[in-house]
Amino acid sequence: MTLCKKLIIAVSTLFLATAAFADSKGNRKSNMLLIGKTAGIHPFYILNQPYRFELPGESWSFGLEYGSSTASILSKSFTLSNQGLYARWFPGNSFNILMGYFQRGIASDAWTTTNASLETVTYKVDTKITDLGLAIGNQWIFDFGLTLGADWLMLGSGSATTTATVTSGTEDTTSKAKASSNTKVSTSGVVVFTLGLSF
């Protein structure tokens, strides 16, 4: 069982068992810093679990997200990265709306495609995604510092820019067009969990 699945099961169980008893609003007001780890069913959280550093407040919290990891997709190695700034607005105890600006990245040193002659061309590719995100969720902070968060629905839209440098093979306009692009992308997901400590 993967780390992500274990985290989802453990956090879901804790949510149901203890969330109703947390005075999250009061604890946000008295705490100074939240440090957490994030994972979920989202293109940039299922393979890369970034850290979150958040300054909690009674009605507003402000945070920084950062993390990178290497993953294998279809037998190819990729480096994924997340970094961003976000704010949470809490109209009540735990329910919140997240608004954020994120820089996401996917890079590979051995991305392959074909040219017009159907010969293999290998590229070093680097995709940067500028993402504006909006999410609804809950965040429970307990008296002893344990913090459980869930962004139940996370919507994101942004622009992706890919730069490609040929490392082997014969490059032509066909292979270059396949390897590099500038497009609009969707970066939406569901059930993004945060498990952390607030003090």
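This one's a predicted model, so the numbers in the text were calculated from it and none came from an experiment.

An account of the overall build of the protein chain is needed here, citing residue identities and associated values.
When helices and strands are counted, the protein chain shows three helices and nine strands. Reading the helices (α) and strands (β) of the protein chain from amino to carboxyl end gives α-α-β-β-β-β-β-β-β-α-β-β. Counting across all 199 residues of the protein chain, residues that qualify as buried make up 43%. Taking contacts inside the protein chain between residues at least 6 apart in sequence as the whole, the part at least 24 apart equals 64%. For the protein chain, the accessible area works out to roughly 10,100 Å², and carbon and sulfur atoms hold 66% of it.

Before we move on, can you summarise the packing of aromatic side chains with the specific residues and values?
A full pass over the atoms with the stated rule returns three aromatic pairs. Sitting over the ring of Tyr 51, Lys 37 keeps its end group 4.0 Å from the ring centre. Positioned above the aromatic ring of Tyr 86, the side-chain terminus of Arg 52 is 5.2 Å from the ring centre.

Report on the side chain of Asn 48, specifying residues and quantitative values.
With respect to the helices and strands, the residue Asn 48 is situated in the loop between β1 (34–41) and β2 (51–55). Using a relative accessible area of 1% as the deciding quantity, one classes Asn 48 as buried. Within the local environment of Asn 48, its side chain forms a polar contact with the backbone oxygen of Gly 67, the two atoms lying 3.3 Å apart. Other than its neighbours up to four places away in sequence, Asn 48 contacts Gly 67, Ser 68, Ser 69, Leu 80, Ser 81 and Asn 82.

Can you break down the confidence of the model for the protein chain residue by residue, with the values?
Low pLDDT marks regions whose predicted coordinates should not be analysed in detail. In the predicted model, the protein chain carries a mean pLDDT of 88, and 90% of its residues have values of at least 70. Looking over the protein chain, one finds the lowest element-wise mean pLDDT in helix α1 (residues 3–18), namely 62, and the highest in β2, namely 97.

Requested: an account of unusual backbone geometry, with residues and values cited.
Its identity as a non-glycine residue notwithstanding, Leu 118 has a phi of 65°, on the positive side. Within the secondary structure, Leu 118 is located in the loop between β5 (95–114) and β6 (120–141). Phi angles above zero are rare outside glycine, and Val 191 is one such case at about 50°. Note that Val 191 resides in strand β9 (residues 189–198).

Account for the nonpolar core, naming residues and giving values.
Counting seven residues, the largest nonpolar core consists of Tyr 45, Tyr 86, Leu 98, Phe 102, Ala 135, Met 154 and Val 192. With residues up to four places along the chain from it excluded, the contact list for Ala 135 reads Asn 96, Ile 97, Leu 98, Asp 151, Leu 153 and Met 154. By size, the runner-up hydrophobic cluster in this structure holds five residues, among which are Val 121, Tyr 123, Val 125 and Ala 164.

Conventions used here
Residue positions are counted from 1 within each chain, in the order its sequence is given. Only residues with pLDDT of 70 or above have their local features reported here, since the model is predicted, and side-chain atom pairs are shown and tallied only from 80 upward, although totals for entire chains, interfaces and linings are computed over all residues. Excluding hydrogens and water, the side-chain values take into account all heavy atoms of the structure. Comment: elements are numbered from the N terminus, with helices defined as DSSP H or I runs of at least four residues and strands as E runs of at least two. A simple rule labels every residue: compare its accessible area, found with a 1.4 Å probe on the protein chains alone, to the largest value its type can have, and call it buried under 20%, exposed over 50%, or partly exposed in between. Any two residues whose heavy atoms approach within 4.5 Å at even a single point are treated as in contact. Throughout, the Shrake-Rupley method with a 1.4 Å probe supplies accessible areas, and for residues the shown protein chains are the sole cover considered. Stacked, edge-to-face and tilted are the three classes for Phe, Tyr and Trp ring pairs, Trp counted by its six-membered ring, which pair at centre distances within 6.5 Å; planes under 30 degrees apart are stacked, over 60 edge-to-face, the rest tilted. In this scheme, Lys NZ or Arg CZ marks a charge over a ring once it lies within 6 Å of the ring centre and within 35 degrees of the ring normal. Contacts described as polar in this section are N or O atom pairs within 3.5 Å, which, within protein, must combine one atom able to donate a hydrogen with one able to accept it, while residues neighboring in sequence count only if both atoms come from side chains. The predictor rates its confidence in each residue with pLDDT, a number between 0 and 100. Put simply, buried Ala, Val, Leu, Ile, Met, Phe, Trp, Tyr and Cys residues joined by side-chain atoms within 4.5 Å make one nonpolar core.

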